[in-house]
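# Structural characterization, general
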Amino acid sequence: MDELILSRIQFAANISFHILFPTITIALGWVLLFFKLRFNRTGDERWMAAYRFWVKVFALSFGLGVVSGITMSFQFGTNWPGFMETVGNIAGPLLAYEILTAFFLEAAFLGIMLFGFRRVPGWLHTTATFLVAFGTSMSAFWILVLNSWMHTPQGFEMIDGVAHATDWWAIIFNPSLPYRLVHMMLASGLTVAFLLAGVSAYRRLIGDRTPGVRLTLKTGVWLGAILIPLQILAGDMHGLNTLEHQPQKVAAMEGNWQTRGNVPLLLFALPNEETRSNDFEIGIPSGASLILKHKADGVVPGLDDFVAEDGTPLHPPVSPVFWSFRVMVGTGMLMLLISWYSAWRLWRRGGVETLPKPLLVVLLGMTFSGWVATLAGWYTTEIGRQPWLVHGVVSTKEAVADVPASYVAGTLTAYLVVYAVLLIAYIATIFGLARRAAKGETVADAPRAGIVGGKRTTPNPNAVPAE
Amino acid sequence: MLGFFDTPETTLPVIFALLMGASILVYVILDGFDLGVGVLIPFAEDTEKDRMIASIGPFWDANETWLVLAIGLLLVAFPAAHGMILTTLYLPVAVMLFGLILRGVAFEFRGKTATMRGKRQWNGSFFIGSLMASLSQGYMLGLYVMGLETTTMTIAFAMLTALCLTGAYAFIGATWLLMKTEDVLQLKSVRWAKLGLVGIILGFAGISAATPLVSDRIFDKWFSLPEFAFLLPLPLLSMGLIVALWVSLRHLPDAVDRWCWIPFALTCVLFTLGFFGMAYSFYPYVVPDQMTIYEAASAPESLVIILAGACVVLPIIIAYSALAFIIFRGKATDLSYD
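Cut-off values and rules
Residues numbered from 1 in each chain as written. Chains lettered and ligands numbered in written order. Predicted model: local features only at pLDDT ≥ 70, side-chain atom pairs only at ≥ 80, totals over all residues. Heavy atoms only, no water. Helix = DSSP H or I, 4+ residues; strand = E, 2+ residues; numbered from the N terminus. Rg over C-alpha atoms; globule rule 2.2 N^0.38 Å. Buried < 20%, exposed > 50% of the residue type's maximum accessible area, 1.4 Å probe, protein only. Contact = heavy atoms within 4.5 Å. Lys, Arg positive; Asp, Glu negative; His and termini not counted. Charge placed at Lys NZ, Arg CZ, Asp CG, Glu CD. Buried area = accessible area lost by both parts, 1.4 Å probe. Salt bridge = Lys/Arg side-chain N within 4 Å of Asp/Glu carboxyl O. Polar contact = N/O pair within 3.5 Å; in protein donor to acceptor, adjacent residues only side chain to side chain. Nonpolar A, V, L, I, M, F, W, Y, C, P; charged D, E, K, R; others polar. Phe/Tyr/Trp six-rings, centres within 6.5 Å; stacked < 30°, edge-to-face > 60°. Lys NZ or Arg CZ within 6 Å of the ring centre and 35° of its normal. pLDDT = per-residue confidence, 0-100. Patch = residues over 30% accessible without salt bridge, like charges linked within 9 Å, V, L, I, M, F, W, Y side chains within 5 Å. Areas by Shrake-Rupley, 256 points an atom, 1.4 Å probe, with all protein chains shown as cover. Pairing = 2+ DSSP bridges. Core = buried A, V, L, I, M, F, W, Y, C linked by side-chain atoms within 4.5 Å.

## Here's the deal with the overall build of chain B
Each helix and strand counted, chain B has 14 helices and two strands in total. The C-alpha atoms of chain B give 21 Å as radius of gyration, which agrees with the globular expectation for 338 residues (20 Å, within 12%). Counting over 338 residues, chain B shows a buried share of 58%. Taking the intrachain contacts of chain B between residues at least 6 apart in sequence as the baseline, contacts between residues at least 24 apart amount to 77%. Between the averaged position of the 18 positive side-chain charges in chain B and that of its 24 negative side-chain charges there is a distance of 13 Å.

## Structural notes on the interface of chain A and chain B
Facing the 81 residues of chain A at the interface are 77 residues of chain B. Taken over both partners, the interface formed by chain A and chain B buries close to 7,200 Å², and the fraction arising from carbon and sulfur atoms is 72%. Put simply, chain A and chain B have zero salt bridges between them. Here chain A and chain B share eight residue pairs in polar contact (both at pLDDT 80 or more) between them. Put simply, the parts of the chain that give the side of chain A that touches chain B at least two residues each are helix H2 (45–79), helix H3 (81–115), strand S2 (162–165) and helix H14 (405–438) of chain A. Per element, the largest residue contribution to the side of chain A that touches chain B is 23 residues, and it comes from H3 of chain A. The residue makeup of the side of chain A that touches chain B, split by class, is 53 nonpolar, 18 polar and 10 charged.

## With respect to the packing of aromatic side chains
Counted by the stated rule, this structure contains 38 aromatic pairs over all chains. Aromatic pair tryptophan 149 of chain A and phenylalanine 156 of chain A: ring centres 5.4 Å apart, planes at 70 degrees, arrangement edge-to-face. For phenylalanine 156 of chain A, a relative accessible area of 21% puts it in the partly exposed group. Taken together, the ring pairs in this structure connect Phe17, Phe21, Phe368, Trp371, Tyr415, Tyr419 and Tyr426 of chain A together with Phe98 of chain B into an aromatic cluster. Over the aromatic face of phenylalanine 53 of chain A sits the side chain of arginine 203 of chain A, whose NZ or CZ is 4.6 Å from the ring centroid. For the cation-ring pair, arginine 326 of chain A lies above phenylalanine 322 of chain A, with the distance from its terminal atom to the ring centre recorded as 3.7 Å.

## What to know about the confidence of the model for chain A
Residues and elements named next belong to chain A. Of the residues in chain A, 94% have a pLDDT of 70 or more, and the chain-wide mean is 86. Of all helices and strands in chain A, the one with the weakest mean pLDDT is strand S7 (residues 451–452) (37), whereas helix H6 (residues 177–205) scores best (95). Below a pLDDT of 50 lies the segment residues 443–457, which in the model reaches 27 contacts outside its immediate sequence neighbourhood of four places, other chains included.

## Some words on a nonpolar patch on the surface
Residues and elements named next belong to chain B. On the surface, a nonpolar cluster with roughly 710 Å² of combined accessible area is contributed by Phe219, Phe223, Leu225, Phe228, Leu232, Leu236 and Met239. If you list the elements that add at least two residues to the nonpolar patch, you get helix H9 (216–223) and helix H11 (233–250). Looking at where phenylalanine 219 falls in the secondary structure, it is placed in helix H9.

## Side note on the side chain of threonine 152 of chain A
All names here are of chain A. In this fold, threonine 152 is placed in the loop between helix H4 (122–151) and strand S1 (156–159). Within the structure, threonine 152 has its side chain in polar contact with the side chain of asparagine 174 (distance 2.9 Å). Polar contacts involving the side chain of threonine 152 include one to the side chain of serine 176, which spans 2.9 Å. Setting aside residues no more than four positions away along its own chain, threonine 152 makes contact with Asn174, Pro175, Ser176 and His245.

## As for the pairing of S2 of chain A
Residues and elements named next belong to chain A. Here four bridges tie S1 to S2, and the two strands are oriented antiparallel to one another. Residue pairing in the sheet places isoleucine 159 in a bridge with valine 162 of S2. The turn joining S1 and S2, which pair antiparallel and follow one another in sequence, is formed by two residues; a positive phi near 50 degrees is taken by aspartate 160.

## Observations concerning unusual backbone geometry
With the exception of glycine, most residues fall at negative phi, and the peptide bonds are largely trans. All names here are of chain A. A cis amide bond links glutamine 386 to the next residue, proline 387, at an omega of 0 degrees. Mapped onto the fold, proline 387 is located in the loop between helix H12 (369–383) and strand S5 (388–390). Of note in the backbone geometry, histidine 294 takes a positive phi value of approximately 60 degrees without being a glycine. Within the fold, histidine 294 resides in the loop between helix H9 (287–293) and helix H10 (318–349).

## Observations concerning the nonpolar core
Residue and element names in this part refer to chain A. Of all hydrophobic cores here, the largest spans 209 residues; its most connected members are Trp54, Phe83 and Tyr426. In terms of residue count, the dominant contributor to this core is H3 (20 residues). Discounting chain neighbours no more than four positions away, the residues touching phenylalanine 83 are Phe76, Gly88, Ala91, Leu146, Met150, Leu389, Val390 and Ala399. Core analysis: the second largest hydrophobic core is formed by 22 residues, Leu186, Ala197, Leu355 and Leu360 among them.

Okay, here's the thing in structure tokens:
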């Protein structure tokens, strides 16, 4: 394999591993604030119990997000120097604003949020929780601004092959930002909803009858049931926006080769780039035309429109985009079905007690479904951006570093091993925490003798005698 | 003054070089002490390890953010240099990142594992990760000083700086522990700090002697008149600080533990002086002898927009970082989420 494909796999591996954790912390931060505010308002210990359990999951996810994020910040330079050399004048300030307005905020107040409950007044602890949640969302905003700009660039001019900003407002609020931002925030909310429901279902299944679990299970189910229809709507609008700005991506998502009307919605197909057609096609007639153009004979652009004179395709590789899209939509449909059925059971039959065991098992199985859908969605949009790095401005091939392929292959192998181990450890730790919480164990320790509020109250027996 | 502040094209690169330098310095001091604590971990008993890690638990995350800011500033202000430096340092950067991953996750995992064996494994990961990060940072510093060339000579020098920086981190880590702990662990910290100080003296001497010998440009910058006379206070002050450190370490811990912060404070000043010496040697280059900050800088309109944000936000960042240090001041206690 050459260095380009290796660098792409390495970047994909790093960013796929990284995004798992922000996807959890973005929404979990707000959920924790909700728990804390409910506790402040009602004084009900169950909300604080929920807070205490989930703040540990938050801390763990945050830690993994930080270390994998530091890796990301170096990848630009080590593997893709052409990116910053070409569009650094635009990407630079956006990344700088992310660091300045988000990273420091999250990192500094995280310490207070995690360990400061007994050290600071209640209002400051609640404020710290708010600022951490706010920081993670700010971080998502800035990085999605940059990402959206890479898909729908505007507000710049090229001088000697380097992009120079002309209109920052146009750069920040580029056409795909609103859709992408909403879609990602909702994805984070859904990921957390199913994580809450799944882990709580697990605790119920192993016999945990503490009242805090009932609350988090209900929170998870209702959050999922409310967000999923919004997400389907947002996803549909995002797709229409993509059709306008990156028609070749939508053509690949639909597996549509020729520009025509009455394009079917394919349920199954094996796109074949050799013959430039699909094998084993099964579809709903005119389905894609109806979704994208809202009429049966609506004309949908085809992949054949995006081929250079010499025959090199200028569209993304079709199969990965086609299938990632189907995995995302399929997971979303499953989420709709399960969260609505669970919510209906809770609503009609009353308490969590009445949820049947098989449903709890299904919810447990869906614990990390948000990750599957989020990754599949990102693969759809990012592979769908190929062969461009920044759409129409710089290609992926032009930006790759001149580093020996063996270096890239070596570090890639090491990353994959480390990430696999960490992912197993992460999932095992979450369920381990759940088992310990179910047994009623806590991890609090008593303060040490002779020290109050961090100040020495008795003379130090080991002091060097004064001369 | 050399026309620095005549036009944005000359002013902005200097301002950004200063900002980047400041964040590297803050990073080296802040993450220096927590990496140093990681390097010292194997020399402590199991219960002491908990306390050592508790002393840095609320801070490490924010400390590492200064690295992201420094590398971010290099990326945004000097994009050409960023690519050049990082592709040359590809492998040591990878080692550092693996180190930072291993130690970063260990903070979380070690506190949440149910078994002692699991905890020991994550302690091991914390140590190895801290060591990898410290050594690779020292190695990169050495190669950078040598103008990013890889010959037997420069690699040998880089290995020396790898050991020295790791020693320096262990030393500032020991002075941090001396300030944040008590009883037996505090006594151990004093001993570690004394040993570390010997290492610091050897390291400072070694690097100061080797740098001018291998680079003519840096030799000329330091040992020609009148620069030599202006610069003389820097090494003299450093020597004074080292003597003061030694004296303070001999008298600590004191009966009421009022002065335990002295060695850490002195070490911060010492690191700052070392950093100024370094910065002086390199100015105006961002890639030694190859690319100046002026050649590498981004377009002024992009730098201005970052600078505007930085002027507003940096003071706020400093204020709330200080707030975190104030809230968790005094001796470290066991960390709990309650």
